[in-house]
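A structural walkthrough
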Amino acid sequence: CPTEKIEATTQDEQKTRAFYRKPPGDGPFPAVICIHGGVQAASDQNLQRLLAGNPVYTRFLAAGYVTVAGDFRTYRANPQSRGPILDCLAIVDAVKKLPFVDDESVVVFGGSGGGSIALELASATKLAAIVCGEPATLLFCGMLGPGEFDKRFDVLDDPQKHYTDERKAQTQKKIKTITCPVLILHGDQHALKKLNSEIFLPELKAAGVEVEYKVYPGNRHGFYWGNGTKRETVEKFMADTQAFLEARLKTQAKPLKQ
């Protein structure tokens, strides 16, 4: 399963790229686009390294998914920049056009900042489902303005204070445009748990979004990529994720033969 490159042009005429590995054969296959966390772009080497050795990316490939390592332009200076979302939208469109991918069985798996982008994609394009590892919803909810990224933990300490009426209205409007099922994987250690469990999850449910919220006690931020956790935890959340996706995919993944 060699690594191949995708190049695409965004709506604002910028160039973006991703890398993927596909199961042997002609397909059609389901596809999962993995979006890393943070607000910084990744190098080609890091994206390819994730495809080759990360326990989540490789498990998706072994399960029979075309597995994509997506990227986005850096947006630390302005956490509300639309650029990263346009980058990932272009990647989604390019993946749907691959001849061996079923365009109705494309999902996005994003963690932290990538989880917020996954939610943005779900509100902007058609996807079979999204999976969010501890999504940084303070980005989705517009709680950080230009130059305020370093203030994120002040916001997370008291998210109710920063969830103003204006931001609430904006968030509810965006959530109403999410049309695909959402799975949220969460630990119980990171400060995001308060915002996500007390504000964002109720908003999803109130809007009628099909959502599942699963907690993995004792796990820190990044566990959903296999970071700082046990193999048993990886096996558990991957089994939960695959069961969630299988019920919602037109084209089912077929595990690779060992």
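Above this text you will find the structure in question.
This write-up is about the structure you can find in this document. Note that the structure is predicted; figures quoted are calculated from it, not measured.

So, how was this worked out
- Residues numbered from 1 in each chain as written.
- Predicted model: local features only at pLDDT ≥ 70, side-chain atom pairs only at ≥ 80, totals over all residues.
- Heavy atoms only, no water.
- Phe/Tyr/Trp six-rings, centres within 6.5 Å; stacked < 30°, edge-to-face > 60°.
- Buried < 20%, exposed > 50% of the residue type's maximum accessible area, 1.4 Å probe, protein only.
- Lys NZ or Arg CZ within 6 Å of the ring centre and 35° of its normal.
- Helix = DSSP H or I, 4+ residues; strand = E, 2+ residues; numbered from the N terminus.
- Arc of directions from axis to C-beta.
- Contact = heavy atoms within 4.5 Å.
- Polar contact = N/O pair within 3.5 Å; in protein donor to acceptor, adjacent residues only side chain to side chain.
- Pairing = 2+ DSSP bridges.
- Expected span 1.5 Å × (residues − 1).
- Bend = angle between axes of the 7 residues up to and from the residue.

This part takes up the packing of aromatic side chains. On inspection of all chains with the given rule, the structure shows 12 aromatic pairs. Measuring from centroid to centroid gives 5.3 Å for Phe60 and Tyr65, while their planes differ by 80°, and the two rings are edge-to-face. Classification of Phe60 by relative accessible area gives buried; the value is 0%. A relative accessible area of 1% places Tyr65 in the buried class. Over the aromatic face of Phe100 sits the side chain of Lys22, whose NZ or CZ is 5.1 Å from the ring centroid. Sitting over the ring of Phe140, Lys174 keeps its end group 4.0 Å from the ring centre.

Below, the discussion takes up helix α2 (residues 55–63). Since one α-helical turn is 3.6 residues long, residues separated by three or four positions face the same way. When we look at burial in α2, the residues that qualify are Val56, Tyr57, Phe60, Leu61 and Ala63. Viewed end-on, α2 has its buried residues packed into an arc of 165°, placing them on one side of the element. Structurally, α2 contributes buried residues whose contacts are with β2 (15–21), β3 (29–35), α1 (44–53), β4 (66–70), β5 (101–111) and α10 (231–246). At the N-terminal boundary of α2, the capping side chain belongs to Asn54, with an oxygen 2.8 Å from the backbone nitrogen of Val56. Among the residues trailing α2, Gly64 stands out with phi positive, at a value near 110°.

Okay, the pairing of β2 next. When you tally the buried positions in β2, you get 6 out of 7 residues, the bulk of the element. Across 6 bridges, strand β1 (residues 4–9) lies against β2 in antiparallel orientation. Each bridged residue has a counterpart across the sheet, and for Lys5 the counterpart in β2 is Phe19. Two successive antiparallel strands, β1 and β2, enclose a turn made up of 5 residues, where Glu13 displays a positive phi of approximately 65°. Two elements, β2 and β4, share 3 bridges in a ladder whose sense is antiparallel. Paired with Phe19 across the bridge in β4 is Ala69.

Moving on: the side chain of Lys174. The residue Lys174 is located in helix α8 (residues 165–175) in this model. By relative accessible area, Lys174 is classed as buried at 19%. Among residues more than four places away in sequence, those in contact with Lys174 are Glu120, Ser123 and Phe140.

Among the secondary structure elements, Glu203 is positioned in helix α9 (residues 192–206). For Glu203, a relative accessible area of 10% puts it in the buried group. A distance of 3.1 Å separates the side chain of Glu203 from the side chain of Gln172, its partner in a polar contact.

Attention shifts here to the side chain of Thr137. When you line up the elements, Thr137 lands in helix α5 (residues 137–140). Among residues more than four places away in sequence, those in contact with Thr137 are Leu119, Leu192, Leu195, Asn196 and Phe200.

On to α9. With 15 residues, α9 should reach 21 Å at 1.5 Å per residue; the first-to-last C-alpha distance of 20 Å fits that figure. Remark: the principal bend of α9, roughly 35°, maps to Phe200, with a proline, Pro202, within the next four residues. For α9, the complete set of buried residues consists of Leu192, Leu195, Asn196, Ile199, Phe200, Leu201, Glu203 and Leu204. Phi turns positive, to about 85°, at Gly208, one or two residues after α9.

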